[in-house]
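The lines below spell out each chain.
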Amino acid sequence: SRLAARGLAPGTAARRLSALRQFYGFLRDEGLRNDDPSAVIDSPRRARPLPKVLDQEAVGRLLEAARETPGSEGVRLVALVELLYATGLRVSELVGLPMSAISGDLSVLVVRGKGAKQRMVPVGIPATEALAAYLERRSHFLRPGAESPWLFPSRSAAGHLTRRRFGQLLKGLATAVGLAPRQVSPHVLRHAFASHLLANGADLRSVQLMLGHADISTTQIYTHVLNERLTAVVRNHHPLGVG
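Quick caveat, the model's predicted, so the values are computed rather than measured. Chains are numbered independently. Their residues run from 1 in the order of the written sequence. Under the rules for a predicted model, residues below a pLDDT of 70 receive no local features and side-chain atom pairs below 80 are neither given nor counted, while totals for whole chains, interfaces and linings still include all residues. Hydrogens and water molecules were not included; the side-chain quantities draw on all heavy atoms of the structure.

Chemist: Before we move on, can you summarise the packing of helix 3 (residues 56-67) against helix 4 (residues 71-87) with the specific residues and values?
Modeler: Geometry is summarised by axes, namely lines fitted to C-alpha atoms with helices restricted to the contacting stretch, and by angles between N-to-C directions that run from 0 to 180 degrees. Helix and strand assignments follow DSSP, with helices taken as H or I runs no shorter than four residues and strands as E runs no shorter than two, numbered in order from the N terminus. For the pair helix 3 and helix 4, the least separation of the axes is 8 Å and the interaxial angle reads 160 degrees. By the criterion of interaxial angle, the relationship of helix 3 to helix 4 is roughly antiparallel. Judged by the sense of rotation from one axis to the other, the crossing of helix 3 with helix 4 is left-handed. Taken together, the residues of helix 4 that come into contact with helix 3 (itself represented by Q56, V59, L63, A66 and R67) are G74, L77, V78, V81, E82 and Y85. Nonpolar residues are Ala, Val, Leu, Ile, Met, Phe, Trp, Tyr, Cys and Pro. Charged residues are Asp, Glu, Lys and Arg, and all others, Gly as well, are polar. Partitioned by chemical class, the residues of the contact of helix 3 with helix 4 number 7 nonpolar, 2 polar and 2 charged. For classification purposes, angles smaller than 35 degrees are called roughly parallel, those larger than 145 roughly antiparallel, those between 65 and 115 roughly perpendicular, and all remaining angles oblique. By the definition used in this description, the sense in which the near helix is turned from the far one sets the handedness, with an anticlockwise turn below a right angle giving left-handed and a clockwise turn giving right-handed. It only takes one pair of heavy atoms within 4.5 Å for two residues to be counted as in contact.

This is how it looks when you write it as structure tokens:
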């Protein structure tokens, strides 16, 4: 309680409690005490860190910068960013999509996620159009006459675009639009997908299914992000909250 009153983080208090427990364990093992007073002290509850989220305007700027990237590389980059923002896939799921994951009209992806569980994720019109444009250029990323089972093939050891390379491409877009590179990553766009859906009225269960979360409590973290934003809106704009 005293550590909390001093404003120390729960993690710091937990480390100090751990040291005390080890110390009293040592005293008991050495026969210097026959009890452990630290055993009845509850560990401080650590707050779960809130996900970093880009607002819709920032995502729009990233997409615009991707569209300005020339050639086949630009077409692929637009497809990647549009798909990630439209579906909220994990980056490993996105870069590792097989060709068999896409439906005939490109409106649905069949994704194999954690634990080899499959889920169907709808794809919006902008992402569908970006994917169709990319498929016309996909052969550019293959050796002449070569075939590949991957939607985003490359010459990497894995045979498809790597997570690292996609992360680098995103940070390049961030720099181009004046965002700090550390603010932008594939996972941040996944967070943006979920938060923006909820902000625009989607229900939590639907977002859970699209993200592939086994437990809805994992998805609920995004409601905390929205709650913080709503609190800020009231604080900054409500006539009784200003001042």
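The rest of the description comes next.
Chemist: Describe the pattern of salt bridges, naming the residues involved and giving the relevant values.
Modeler: Counted as salt bridges are all cases of a side-chain nitrogen of Lys or Arg within 4 Å of a carboxyl oxygen of Asp or Glu. Taken as a whole and assessed by the stated rule, the structure comprises 8 salt bridges. For E82, the salt bridge goes to R67, with nearest N and O atoms at 3.1 Å. Of this pair, E82 sits in helix 4 while R67 sits in helix 3, placing them 15 residues apart in sequence. Note on classification: 1.4 Å probe, protein chains only; a residue is buried when its accessible area is under 20% of the maximum for its type, exposed when over 50%, partly exposed between these limits. In this structure E82 comes out as buried when scored by relative accessible area, which is 8%.

Chemist: Got a sec to walk through the nonpolar core? Specific residues and values, please.
Modeler: In plain words, nonpolar cores are sets of buried Ala, Val, Leu, Ile, Met, Phe, Trp, Tyr and Cys residues tied together by side-chain atoms within 4.5 Å. Counting residues in hydrophobic clusters, the biggest one holds 46 residues, and the most contacted among them are L94, F152 and F166. Among the secondary structure elements, those contributing two or more residues to this core are helix 3, helix 4, helix 5 (91-95), strand 1 (108-112), helix 6 (125-137), helix 7 (163-176) and helix 8 (186-199). Broken down by element, the residue count for this core peaks at 8 residues, all from helix 4. Look past the residues within four positions of F166 in its chain and what remains in contact with it is L77, L80, L84, V91, L94, V95, L161 and P186. Among the nonpolar cores identified, the runner-up in size contains 7 residues, and F193, A194, V207 and M210 belong to it.

Chemist: Can you lay out the side chain of H213 for me, pointing to particular residues and giving the numbers?
Modeler: Within the secondary structure, H213 is located in the loop between helix 9 (204-211) and helix 10 (216-219). Given the relative accessible area of 14%, H213 is considered buried. Here a polar contact means two N or O atoms within 3.5 Å. Within protein one must be a hydrogen donor candidate and the other an acceptor candidate, and residues neighboring in sequence count only if both atoms are side-chain atoms. Separated by 3.4 Å, the side chains of H213 and R190 make a polar contact.

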